[in-house]
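# Structural description and commentary
The primary structure of each chain is shown beneath.
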2 protein chains.
Amino acid sequence: MNKLAVVALGGNALLRGDEAGTIEEQEKNATETLENLIFLIRDGFDLVITHGNGPQVGNILMRNDAGEQVYNIAPMPLDICVADSQGGIGYMLERMIRNVLNKHGISKNVITMVTLVEINPNDKAFSNPTKRIGKIYSKEEADALNKKKGWLFKSTSKIPNGYRRVVPSPEPRDIVNKDTIMNLARQGNIVIASGGGGIPIYFDENNDIRTLDAVIDKDMASSMLAVNIGADEFYVLTDVPFIFKDYGKPTQEKLEFLNYNDTHKYLENGTFGSGTMEPKIRACLNFIEKGGKKSVITEAKKLEDKSYGSKITMEYED
Amino acid sequence: MNKLAVVALGGNALLRGDEAGTIEEQEKNATETLENLIFLIRDGFDLVITHGNGPQVGNILMRNDAGEQVYNIAPMPLDICVADSQGGIGYMLERMIRNVLNKHGISKNVITMVTLVEINPNDKAFSNPTKRIGKIYSKEEADALNKKKGWLFKSTSKIPNGYRRVVPSPEPRDIVNKDTIMNLARQGNIVIASGGGGIPIYFDENNDIRTLDAVIDKDMASSMLAVNIGADEFYVLTDVPFIFKDYGKPTQEKLEFLNYNDTHKYLENGTFGSGTMEPKIRACLNFIEKGGKKSVITEAKKLEDKSYGSKITMEYED
């Protein structure tokens, strides 16, 4: 049996901060990232690819708002917007991976699956929405949207007096489509799944599937998927080659080999800061804790050199 | 081995002409339609479900336009919009089918797949775009959009001086993801695929996958999928219980049992008119011609009574 890896693509795999988000930019970025997965395929891995959807679903939400303003088109709720983004981003990734495989003469099938992820409707996240989505508004715009749609807002550090909509970010409980994803990947298909952390659903008292406005922590959903399907390794691709202790301080230190206990301690002590790296490290630790062999955080372009990147294992590697 | 059916849901399965298209309406319509698939499941069929996306992708396109106007968000091309609609509609259908199965105590897995459909970039449709998409514009609006985006327009019979955007509607050549769809359905999964006729792609001289602005004939794509996966029966669910000869004329006649040759003759003679029924009948004939046993055109709610609906077979059934 091949080794199995889950590879979580960061937001910058598709859309970078300084870009307008045109389809040409997204396709170019996707291809540059996906090109590097060839190293994992050549190394004998079956692959499941997960991806973020922050900028894209933000745009979809804004388009819903604008469509209602300009054309009076009924806006769709967040679950449908996330599902839309799984379709659109997943298709783009599928097309680009197929082209990368073609370029390298590798014959492999690619499948993009809509993925439902179960959450707990009583998750504490619902009493304290923290996930910022969509564009930046002025105070006046935010107040108007709060009145009109009941959206909640928090200030953003990005611009003074800027506000962004916040929704709850509950923990994933289960990947509803996990068995299918595992079977397809184990058969040698590259599976694109769990986009944007998955579409949040819960089972009501009749076991009917319902949804709630929420964005699931995508790193944790990817990690849970990796555990559920028995992956050997879990890759989190981002825009830095390593994780650092005391990042930005005089005591900054590049971390190449980490074990579970030390990393857990660093995390609780705030050694990694509380930025976007924290949820990635938490997701990596979750994978190791539940039996995964190795978590890796690095840049996509570093996959060629296996000595690169920050590797988290239960015990230190020799 | 179970019998295998492809069921093509018409646009009204989700969104009806006189509705605003809210999520509540779409979910209610979907549930009412899907409820009837229980009869096919109880009859021992494995199922692949395909669906239209006309109103939804029209709304997505309009939201892209409005998002650019109001928030200067880069609009996505048609292939991404179709992929978005496959994600959003597919998810909605998946959720509603899972709830219908739950209600009836049937344990079956459901999978929603993004589906790429190959077209010929030299298809004659590209020299004569005919597929109307999106909302109705005035002459002035249509002219402005033609100037701004190069969109083409044709008048609509729905309102005087109304215009709608037209894109080419090429024939499908191949369902790229057909093997996966077949395998998953044969394993007993309900597969939702080929939404909106599929995302139009073609292979260039390097065998790279490229796309073009087009909407594939969804009935023909569903029929091709049914042929490709070796389905036994092909169901086209629409808003009439039967097809009629000379519909609306004094000679109108309900057709219950049709054979291939007569139906083909009727079609060529214009006996069915040239409305929305024609492509459905053409798709049904294609299925029979390529070896399918039976095509059925009817209303979803008539599936309970197997004597209902218009049945097309190679020879008349006894």
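Here, the structure is the one placed above.
What you are looking at is a predicted structure, and each value in this text was computed from that prediction instead of being measured. (Residues numbered from 1 in each chain as written. Chains lettered and ligands numbered in written order. Predicted model: local features only at pLDDT ≥ 70, side-chain atom pairs only at ≥ 80, totals over all residues. Heavy atoms only, no water.)

Moving on to the overall build of chain A. On a plain count of helices and strands, chain A comes out with nine helices and 17 strands. Against the 2.2 N^0.38 benchmark of 20 Å for 318 residues, chain A shows a C-alpha radius of gyration of 19 Å, consistent with a compact globule. Seen along its three principal axes, the alpha-carbon backbone of chain A occupies a region of about 60 × 50 × 45 Å. Looking at chain A as a whole, 58% of its 318 residues are labelled buried. Here the analysis covers contacts within chain A between residues at least 6 apart in sequence; of these, 72% occur between residues at least 24 apart. (Helix = DSSP H or I, 4+ residues; strand = E, 2+ residues; numbered from the N terminus. Rg over C-alpha atoms; globule rule 2.2 N^0.38 Å. Buried < 20%, exposed > 50% of the residue type's maximum accessible area, 1.4 Å probe, protein only. Contact = heavy atoms within 4.5 Å.)

What follows covers the interface of chain B and chain A. Across the contact, 55 residues belong to chain B and 55 residues belong to chain A. Both faces combined, the contact of chain B with chain A buries some 4400 Å², and carbon together with sulfur accounts for 61% of it. Considering only the surface of chain B that becomes buried against chain A, Arg63, Tyr71 and Tyr91 of chain B emerge as the three largest contributors, covering 18% of it. Linking chain B with chain A are zero salt bridges, by the criterion used here. When residues of the side of chain B that touches chain A are traced back to their parent elements, those giving at least two are helix 1 (23–35), helix 3 (54–71), helix 4 (78–103), strand 3 (110–112), helix 6 (178–186), strand 10 (199–203) and strand 11 (209–211) of chain B. Looking at which element gives the most residues to the side of chain B that touches chain A, the answer is helix 4 of chain B, with 13 residues. Looking at the side of chain B that touches chain A residue by residue, the classes come out as 26 nonpolar, 19 polar and ten charged. (Buried area = accessible area lost by both parts, 1.4 Å probe. Salt bridge = Lys/Arg side-chain N within 4 Å of Asp/Glu carboxyl O. Nonpolar A, V, L, I, M, F, W, Y, C, P; charged D, E, K, R; others polar.)

All names here are of chain B. The topology assignment puts Thr238 in strand 12 (residues 233–238). Residue classification places Thr238 among the buried positions, given a relative accessible area of 11%. Each C-alpha atom of the pair Thr238 and Glu299 lies 5.1 Å from the other, and the pair is 61 residues apart in sequence. If sequence neighbours within four positions are ignored, Thr238 has contacts with Asn12, Met277, Lys280, Ile297, Thr298, Glu299 and Ala300. Among the polar contacts made by the side chain of Thr238, one reaches the side chain of Asp239 at a distance of 3.2 Å. (Polar contact = N/O pair within 3.5 Å; in protein donor to acceptor, adjacent residues only side chain to side chain.)

Residues and elements named next belong to chain A. Within this structure, the stated rule accounts for 38 salt bridges over all chains. Two residues, Lys28 and Glu32, come together in a salt bridge whose shortest N-O distance is 3.1 Å. Of this pair, Lys28 and Glu32 both sit in helix 1 (residues 23–34), four residues apart, which is roughly one turn of the helix. Using a relative accessible area of 52% as the deciding quantity, one classes Lys28 as exposed. Glu32 sits in the partly exposed class, given a relative accessible area of 39%. Within this structure, Asp65, Glu68 and Lys149 form a network of salt bridges that share partners.

Our next topic: the relation of the copies chain B and chain A. Superposing chain B onto chain A takes a rotation of 180° plus a shift of 0.0 Å along the axis, which leaves an RMSD of 0.1 Å. Considering both components of the superposition, the chain copies are consistent with a two-fold axis. Interface residue correspondence from chain B to chain A reaches 100%, placing this contact among same-surface, isologous pairings. (Least-squares fit on C-alpha atoms with pLDDT ≥ 70 in both.)

It is worth spelling out the side chain of Asn189 of chain A at this point. Residues and elements named next belong to chain A. Topologically, Asn189 is positioned in the loop between helix 6 (178–186) and strand 9 (190–192). Among the residues examined, Asn189 registers a relative accessible area of 10% and is labelled buried. Within the structure, the side chain of Asn189 is placed 2.8 Å from the backbone oxygen of Leu184, a separation counted as a polar contact.

Residues and elements named next belong to chain B. Taken in spatial order, the three strands line up as 5-7-6 in an open sheet, and their pairing is antiparallel. Taken across any chain shown, the strands that pair with only one partner, and hence form the sheet edges, are strand 5 (131–137) and strand 6 (152–156). Shown here is a sheet whose adjacent strand axes are inclined to one another by a mean of 40°, direction ignored. Bridge analysis of strand 5 against strand 7 (residues 162–167) gives four bridges, and the strand direction is antiparallel. Bridging across to strand 7, Lys131 finds its partner in Val167. (Pairing = 2+ DSSP bridges. Axes fitted to C-alpha atoms, helices over the stretch in contact; angles between N-to-C directions.)

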